[in-house]
Amino acid sequence: MSYVFILPAFALVVALLVLPMMQNVYYSFFKWDGISPPLFNGLKNYLAMFTDPVIAGSMLNTVIWVVFTLVFPALGGLVVAVFVTGLRGENFFKSVFFIPLTISFVATGIIWTYMLGRELGVLNGVLALLGIPLKPSYLTSVPLNTFSMIFAWTWQQLGTNMVMFLMGLGTIPRDPIEACIIDGANKWQTFVHVKFPMLAPITTVVITMAMVNSFKVFDIIYVMTRGGPYSSSETLAISMFRETFTLFHMGYGAAISVVLSLIVILISAAYIRRMTKRDMLYY
Amino acid sequence: MTRWLRKAPVYAVLVLLTLMWLLPVVSSFLVSFKSSEDFVSQTFYQLPTQIYFFKNLVTVIAQYRLLDNLGNSLMYSAAGTVVVIIAASMAGFSIVRLRPKFNFALFLIIYSGTLFPFQMYLIPVYRLFNTLNLYDTRTGMVLIYSAICIPFSLFVYRGFYTTIPREIEEAAKLDGCGPARTFISVFLPQSLAPTAVVALFQATWIWNDLLFGMVLSRAQSVRPIMVAVATMTGYGGGNIPWIMTAVIFTSIPTILLFVVLRKFFIQGMVLSITS
């Protein structure tokens, strides 16, 4: 009886996610165009990735995404959460950063494509208003295009991280902070020595999620540049899509996705282990 | 006064950030109210010479047949969320309370579905759907959306059901309720909070999906809304006032859902990250 209750969920997930995942690993060892029968070619797909200049560029872009996601939306979220707490107008500022969370990545991508347009875009319009004689082409020059998209991503993601840090700050007990103040510690010292260490669990989650999510970014890049021009703004997630569904290099695409997944799992390993450990305690 | 002065730099930065965050929102709305002529001849901050939003909307709906895609996505969001609520609440109840053998292993297998990037499933699912004739069908879309949403939803229900006191269940058992009766008359009526969290997050996720829609559908009668909106841009950027009108129009359902279920958002965030 108990298995009957699990069956629908289990069957759907195993048939459409777990088994396909294993199959995907299997395909990554084949040369396959999706139509003719797959040809086994061992590790050649993986080896090809190391000599593929497009994949190298895409790796570099992925690293840029990860690093700057940690700097802007993650660290930015912490800074905003700390400074906005207890401020007059706190709720107003919080809801401002909240707005982008209610729309899709596709919408964000389109809005920022308009903002960053060269001739009729808002940003260059503001530059002209300020009398700055610059007219950058945000989405076609390299590496500016990657940074422009990270900016759009920050606009959407900062609110999420802010909410998490606000939650964390809310759970810190008053006593140790008051003790600090009595001992004569200033605000900065209180933050560094008491608040920040107590935020550690949330910080871990935010950092893990920020890294994992920047490896998964797809929609924003697809909408804003399609990975172009000439694959210059691709990340691994986009390269996989292009190799698989535009060039029909199914085996190669599968290999890229396996590498992508390995990196993601590696990053979240510590976090998953902690989670399962805590859950085991419950069982 | 001195206190205010000390806070001044903080306010300055926050106001600057606020402007940066609101500028895209305001300019997008403004553009959607402009005609193509106004858009080309004006600068971004000028007001439109006439209110063109509804004309843009009518044009977009007629030219891109957006209502088809809107209907599709409405169906996927509704059907997918219902399937997920049923499947995940049942599984959560079983894992927490019926305790089958290997319940933790079963949970981990299902939960592993959220760990990997979606790219890991695309090729095999695309192939599987082709052999099962599910490619480019609405049934196929509902199935894959449900499967993707189950792991997180199961997590939500499982977490919630551990907080329901066992005494209630024992009482039901004494009254002669079997597991099915206990689930329906004891657990389900108390499941409002997790169900709201699941509905908010999963309906929004399905509505906003681009990747699976692009890979698993082709026909206008199957393609979800975000794919339709994303392909409006093309390489040249397309007609910005039209596209922006479409963006605003197609964002309304998720924004409404968000407003209605607002208080469950934080709860869902807590669950999704402390998970």
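As the structure is a computational prediction, the values presented were derived from the model and not from experiment. (Residues numbered from 1 in each chain as written. Chains lettered and ligands numbered in written order. Predicted model: local features only at pLDDT ≥ 70, side-chain atom pairs only at ≥ 80, totals over all residues. Heavy atoms only, no water.)

A closer look at the overall build of chain A
Looking only at helices and strands, chain A features 13 helices and 2 strands. Taken along its principal axes, the extent of the C-alpha atoms in chain A is 75 × 65 × 35 Å. Within chain A, the proportion of its 283 residues that are buried is 53%. Averaged over its 16 positive side-chain charges, chain A has a centre that lies 1 Å from the centre of its 11 negative ones. (Helix = DSSP H or I, 4+ residues; strand = E, 2+ residues; numbered from the N terminus. Buried < 20%, exposed > 50% of the residue type's maximum accessible area, 1.4 Å probe, protein only. Lys, Arg positive; Asp, Glu negative; His and termini not counted. Charge placed at Lys NZ, Arg CZ, Asp CG, Glu CD.)

A word on the domain arrangement of chain B
Quoted interface sizes are often the accessible area lost when the parts come together. Residues and elements named next belong to chain B. By domain assignment, chain B separates into domain 1 (2-58) and domain 2 (65-274). Using only C-alpha atoms to locate each centre, domain 1 and domain 2 end up separated by 34 Å. In total, about 840 Å² of surface goes out of reach between domain 1 and domain 2, with carbon and sulfur atoms giving 79% of it. Scanning the region where domain 1 abuts domain 2 turns up 0 salt bridges. On the surface where domain 1 and domain 2 come into contact, there are 1 residue pair in polar contact (both at pLDDT 80 or more). Those elements giving two or more residues to the side of domain 1 that touches domain 2 turn out to be α1 (2-32), α2 (36-41) and α3 (53-64). With 4 residues, the single largest contributor to the side of domain 1 that touches domain 2 is α1. Among the residues forming the side of domain 1 that touches domain 2, the class breakdown is 5 nonpolar, 5 polar and 1 charged. (Domains from an automatic or database assignment. Buried area = accessible area lost by both parts, 1.4 Å probe. Salt bridge = Lys/Arg side-chain N within 4 Å of Asp/Glu carboxyl O. Polar contact = N/O pair within 3.5 Å; in protein donor to acceptor, adjacent residues only side chain to side chain. Nonpolar A, V, L, I, M, F, W, Y, C, P; charged D, E, K, R; others polar.)

Observations regarding a nonpolar patch on the surface
Residues and elements named next belong to chain A. A contiguous nonpolar surface patch, about 580 Å² in accessible area, is contributed by V63, V67, V71, F72, L75, V79 and F83. Among the structural elements, V67 can be located in helix α3 (residues 53-84). Owing to a relative accessible area of 40%, V67 belongs among the partly exposed residues under this scheme. (Patch = residues over 30% accessible without salt bridge, like charges linked within 9 Å, V, L, I, M, F, W, Y side chains within 5 Å. Areas by Shrake-Rupley, 256 points an atom, 1.4 Å probe, with all protein chains shown as cover.)

Notes on the interface of chain B and chain A
Between chain B and chain A, the contact holds 98 residues from the first and 92 residues from the second. Across the chain B/chain A interface, buried area totals approximately 8400 Å², and carbon plus sulfur atoms make up 80% of it. At the boundary of chain B with chain A, the tally comes to 0 salt bridges. Where chain B touches chain A, the interface holds 8 residue pairs in polar contact (both at pLDDT 80 or more). Of all the elements, α1(B) adds the most residues to the side of chain B that touches chain A, at 16 residues. Broken down by class, the residue content of the side of chain B that touches chain A amounts to 73 nonpolar, 20 polar and 5 charged. (Contact = heavy atoms within 4.5 Å.)

Overview of the packing of aromatic side chains
Taken as a whole, this structure holds 43 aromatic pairs over all chains when the rule is applied. Ring centres 5.2 Å apart and planes at 70° place the aromatic pair A:F97 and B:W21 in the edge-to-face group. With one member in each of two chains, A:F97 in helix α4 (residues 90-98) and B:W21 in helix α1 form a pair that bridges those chains. Owing to a relative accessible area of 0%, A:F97 belongs among the buried residues under this scheme. What makes B:W21 buried here is its relative accessible area of 5%. Residues B:F152 and B:F201 carry aromatic rings whose centres are separated by 5.9 Å and whose planes lie at 40° to one another, so their mutual orientation is tilted. Of this pair, B:F152 sits in helix α7 (residues 138-161) while B:F201 sits in helix α10 (residues 192-208), placing them 49 residues apart in sequence. (Phe/Tyr/Trp six-rings, centres within 6.5 Å; stacked < 30°, edge-to-face > 60°.)

Points about the environment of B:L70
Residue and element names in this part refer to chain B. Its place among the elements puts L70 in helix α4 (residues 66-98). Using a relative accessible area of 15% as the deciding quantity, one classes L70 as buried. Those residues in contact with L70 that sit more than four places away from it in its chain are W207, I225, F249 and T250.

What about the pattern of salt bridges?
Residue and element names in this part refer to chain A. Overall, the coordinates contain 6 salt bridges over all chains when judged by the stated rule. Taking the shortest distance from any N to any O, the salt bridge between E178 and R174 comes out at 3.5 Å. Separated by 4 residues within a single helix, E178 and R174 lie in helix α8 (residues 174-182), roughly one turn from each other. Here the residues in one salt-bridge network are E234, R242 and E243, joined through shared partners.

Remarks on helix α13 (residues 240-260) of chain B
Its 21 residues give α13(B) an end-to-end C-alpha distance of 30 Å, which sits within 8% of 30 Å, the value for a rise of 1.5 Å per residue. The largest bend in α13(B) amounts to roughly 40° and is located at B:I252, with the proline B:P253 lying one to four residues further along. (Expected span 1.5 Å × (residues − 1). Bend = angle between axes of the 7 residues up to and from the residue.)

Some points on the packing of helix α9 (residues 187-198) of chain A against helix α10 (residues 200-216) of chain A
Residues and elements named next belong to chain A. Their axes nearest at 5 Å, the elements α9 and α10 cross at an angle of 65°. Taking contact as the criterion, the partners of F196, P197 and M198 in α9 are, on α10, A200, P201 and T203. Of the residues assigned to the contact of α9 with α10, the class counts are 5 nonpolar, 1 polar and no charged. (Axes fitted to C-alpha atoms, helices over the stretch in contact; angles between N-to-C directions.)

Looking at the side chain of B:T18
The residue B:T18 is located in helix α1 in this model. Residue B:T18 is classed as buried on the basis of its relative accessible area, which comes to 6%. With near-sequence residues (within four places) excluded, B:T18 lies in contact with A:F92, A:F93 and A:V96.

Topic: unusual backbone geometry
Look at the link from A:V142 to A:P143: it is a cis peptide, with omega at 0°. Phi is positive for B:R65, which is not a glycine, with a value near 45°. The phi torsion at B:D136 lies on the positive side, around 60°, for a residue other than glycine. Checked against the element boundaries, B:D136 lands in the loop between α6 (119-131) and α7.

Overview of the environment of B:G113
Position of B:G113 among the secondary structure elements: in the loop between α5 (103-111) and α6. By relative accessible area, which is 5% here, B:G113 ends up buried. Residues B:G113 and B:V227, 114 residues apart in the sequence, show an inter-C-alpha distance of 23 Å. Once you skip the residues sitting within four places of it in the chain, B:G113 turns out to touch A:L17, B:Y121 and B:P151.

Comments concerning the side chain of A:Q157
Secondary-structure assignment places A:Q157 in helix α7 (residues 144-171). Under the relative-accessibility criterion, A:Q157 is labelled buried at 13%.

Things to note about the confidence of the model for chain B
For chain B, per-residue confidence averages 87 on the pLDDT scale, and 95% of positions sit at 70 or higher. Mean pLDDT across the elements of chain B ranges from a minimum in helix α14 (residues 262-274) of chain B, with 72, to a maximum in helix α11 (residues 211-216) of chain B, with 95. (pLDDT = per-residue confidence, 0-100.)

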